[in-house]
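# Structural description and commentary
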Amino acid sequence: MSSDAIYLDYNATTPLRPEALAVMSAVLRDDFGNPSSVHWAGAAARDRLALAREQVASLMGAAPESIVFTSGATESNNTVLYNAALRAPRHGDHIVTCATEHPSILEPLDELRERGLRVTLLPVDSDGRLDPERFAASLESETLLATVMWANNETGVIQPVPELASIAREHEVTFHTDAVQALGKTPLHFADLAIDYASLAAHKLGGPKGVGALYVRPGLHPKPLFRGGGQERQRRAGTENVASIAGFGAACAAAQADLEERAERLGELRERLWSEIQSKVADAQRNGAVEFVLPHVLNLSFAGADGDALVEALDLEGIAIASGAACHSGTTEPSHVLLAMGVDPDYGSGSIRVSLGPATRAAEIDRLIAVLPGIVERVRVARKAERRAREAARR
C-alpha cells in the first residue's frame, strides 16, 4: 500500500490496533502453552485468555463468564441458530428475523426452513429500521428464537435492540443479536438488557481476523457447535487461539478508551462529507436513518451510476470503499439491504458505503470530496453509453 493510499472500508475489516499487534507478538513469542495444560506454560496462556475475556466483557458491559471465544461471528451466529433448531419441534418450530440481516444469519435460516422450521422475515421501514410493534405481533407461542442485527453492516442503521429484546423476554422468546458492527462503535450495556445471545468479531474493531465471541447470558447453556474437547467451559471445543484472543481483548480495551472521542470526530467528518456531496453531485441520496446510525458509516446512492464501477474508479485513485450493490450475471443490482428498504433500483445499483475508522483524517475526506463528483459523472456517462449499446444490439 502506498503512503498516500486512503482506506475508508472499516466496516469490511480494520487494520490491527497497535495494542493488539503488540500483545499478539508477545503471546506468539513467549506464551506458547496450551491453556488446557496444568503446568506453568499452560497457566500463562490461561492468564492471557482470562484478561482478554475481561476486556471484551468490559467493552460490552457484561460479565466475563458470559464470553465464549469462537472463530468469529459466523460461527457464533450459526451456533445460536442451530441450537434453536435442536429444540424443534418439541419446543416450537418458528424463528423470527429481519430482512436486512447478514448472510451468516439468512443462509443458515434458508437451510433450517428446508428442514421444516418456519421463518418469519420481517420488513423494515424506508429508513432501515424494524418496527417494534410489528416485531411483537410476529412472536408466537411456537417461536423458538428471534434474531435481529444491532447495527447494519451496509448502512450503519441501528435497530432498537434493547426494546426488541425486552419484547421477546415478555413473550418468553430467546433473543439473539448480531452485534458485530456495534461493538466498539456505540456504547453497550448488556448487563442491563434482556439479550440472551450476541455475536461478536475481533477484526471489525482493530483485532485480528479469525476470532470472535458469543455472548451467552449467565444461566443459559447452549450446546456447542463443535465437539471434541472441554474448552470454554464445555461451550466450544478446540484449543483456543490464544494470540488472536489476546489481540481481540487488547483491541476492545483500546476501543473502549477512545470510543466517545472517536465517535464524535468521525461523525463530524461523515456529516461534512455528506454535506459536500449534496452540494456537488446531483441526484445523490443518503440511505438509512439519519438519527439512528453508527457515527462512522455513510451509505450513498447516485442515480444512473454503477456501484462497482464507482469502487473501481476510486480504487484507481488510491481510495478504498465498498459497493452497496451485488453483481449477478453481468448486471448490477441493489443489495438485499437496500431492496428491503425500498430504495429505487436506479439509485440502489449506484450505491457505495464509506466507513471511517480511528486512522481516518480530515485530509482523506477532503481528497474523496475532491475526486468523487468527477468520478460519478464519468461512471454515469459510461453506464448510459452501455445501455444504449445494449438497446441497439437488441434491435
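Please refer to the structure higher up on the page.
So, here is what we can say about the structure in this document.

Thresholds applied
- Residues numbered from 1 in each chain as written.
- Predicted model: local features only at pLDDT ≥ 70, side-chain atom pairs only at ≥ 80, totals over all residues.
- Heavy atoms only, no water.
- Helix = DSSP H or I, 4+ residues; strand = E, 2+ residues; numbered from the N terminus.
- Buried < 20%, exposed > 50% of the residue type's maximum accessible area, 1.4 Å probe, protein only.
- Contact = heavy atoms within 4.5 Å.
- Areas by Shrake-Rupley, 256 points an atom, 1.4 Å probe, with all protein chains shown as cover.
- Lys, Arg positive; Asp, Glu negative; His and termini not counted.
- Charge placed at Lys NZ, Arg CZ, Asp CG, Glu CD.
- Pairing = 2+ DSSP bridges.
- Right-handed = clockwise from strand over helix to strand, strands pointing away.
- Axes fitted to C-alpha atoms, helices over the stretch in contact; angles between N-to-C directions.
- Parallel < 35°, antiparallel > 145°, perpendicular 65-115°, else oblique.
- Left-handed = near helix turned anticlockwise from the far one by under 90°.
- Nonpolar A, V, L, I, M, F, W, Y, C, P; charged D, E, K, R; others polar.
- 1 Å grid on protein atoms, 1.4 Å probe; cavity = no way out; pocket = protein on both sides within 12 Å on 5 of 7 lines; lining within 4 Å.
- Points joined across faces, edges and corners; volume = space filled by probe spheres on them.
- Arc of directions from axis to C-beta.
- Polar contact = N/O pair within 3.5 Å; in protein donor to acceptor, adjacent residues only side chain to side chain.

This part takes up the overall build of the chain. What the chain contains, in helices and strands, is 12 helices and 15 strands. Based on the C-alpha atoms only, the size of the chain along its principal axes is roughly 70 × 50 × 40 Å. For the chain, buried positions account for 57% of its 395 residues. When contacts within the chain are restricted to residue pairs at least 6 apart in sequence, those whose partners lie at least 24 apart make up 73%. Counting only carbon and sulfur atoms, one obtains 51% of the accessible surface of the chain, whose full area is about 17200 Å². When the 40 basic and 52 acidic side-chain charges of the chain are each reduced to a single mean position, those positions are 3 Å apart.

Moving on, we get to the pairing of strand β4 (residues 118–122). Relative to β4, strand β3 (residues 94–98) runs parallel, the two being bridged by 5 bridges. Within the sheet, the bridge partner assigned to His94 lies in β4 and is Arg118. What joins β3 to β4 is helix α4 (residues 103–114), and the crossover it makes is right-handed.

At a minimum axis distance of 10 Å, the contact between helix α8 (residues 242–280) and helix α12 (residues 362–394) shows a crossing angle of 20 degrees. In terms of orientation, α8 lies roughly parallel with respect to α12. Once α8 is placed against α12, the crossing between them reads as right-handed. Listed contacts from α12 to Leu269, Arg272, Leu273, Glu276, Ile277 and Lys280 of α8 are Ala362, Ile365, Asp366, Leu368, Ile369, Leu372 and Pro373. Split by residue class, the contact of α8 with α12 holds 9 nonpolar, no polar and 4 charged.

Attention now goes to the layout of surface pockets. By volume, the largest pocket amounts to about 360 Å³. If you go around the largest pocket, you meet 27 residues; those closest to its centre are Thr74, His102, Val180, His203 and Lys204. Of all the secondary structure elements, the ones that give two or more residues to the lining of the largest pocket are α3 (73–87), α4 and α10 (336–340). With 3 residues, α3 is the single largest residue contributor to the lining of the largest pocket. Split by residue class, the lining of the largest pocket holds 9 nonpolar, 12 polar and 6 charged. Of the volumes computed, that of the second largest pocket is approximately 250 Å³. Looking at the second largest pocket, it is lined by 21 residues, and the ones nearest its centre are Tyr10, Arg17, Arg262, Gly357 and Pro358. Looking at the lining of the second largest pocket, the element that brings in the most residues is α8, giving 4 residues. Its residues placed into classes, the lining of the second largest pocket shows 12 nonpolar, 5 polar and 4 charged.

For helix α9 (residues 307–316), the complete set of buried residues consists of Gly307, Leu310, Val311, Ala313 and Leu314. Along the long axis of α9, the arc covered by the buried residues comes to 165 degrees, so they all point the same way. Exposed residues lying more than 90 degrees from the buried face of α9 are Glu312, Asp315 and Leu316. Tucked into the core, α9 has its buried residues touching β10 (297–302), β11 (319–320), β12 (322–323), β15 (351–355) and α12. At the N-terminal end of α9, a side-chain oxygen is found 3.0 Å from the backbone nitrogen of Asp308, two or three residues along, and the residue is Asp306. Looking one or two residues beyond α9, the residue adopting positive phi is Gly318, at roughly 85 degrees.

The next subject is unusual backbone geometry. In the segment running from Ala88 into Pro89, the intervening peptide bond is cis, with an omega of -5 degrees. Along the chain, Pro89 falls in the loop between α3 and β3. Phi at Gln234 takes a positive value of approximately 70 degrees, unusual for a residue other than glycine. Relative to the elements of secondary structure, Gln234 occurs in helix α7 (residues 231–234). Under the relative-accessibility criterion, Gln234 is labelled exposed at 56%.

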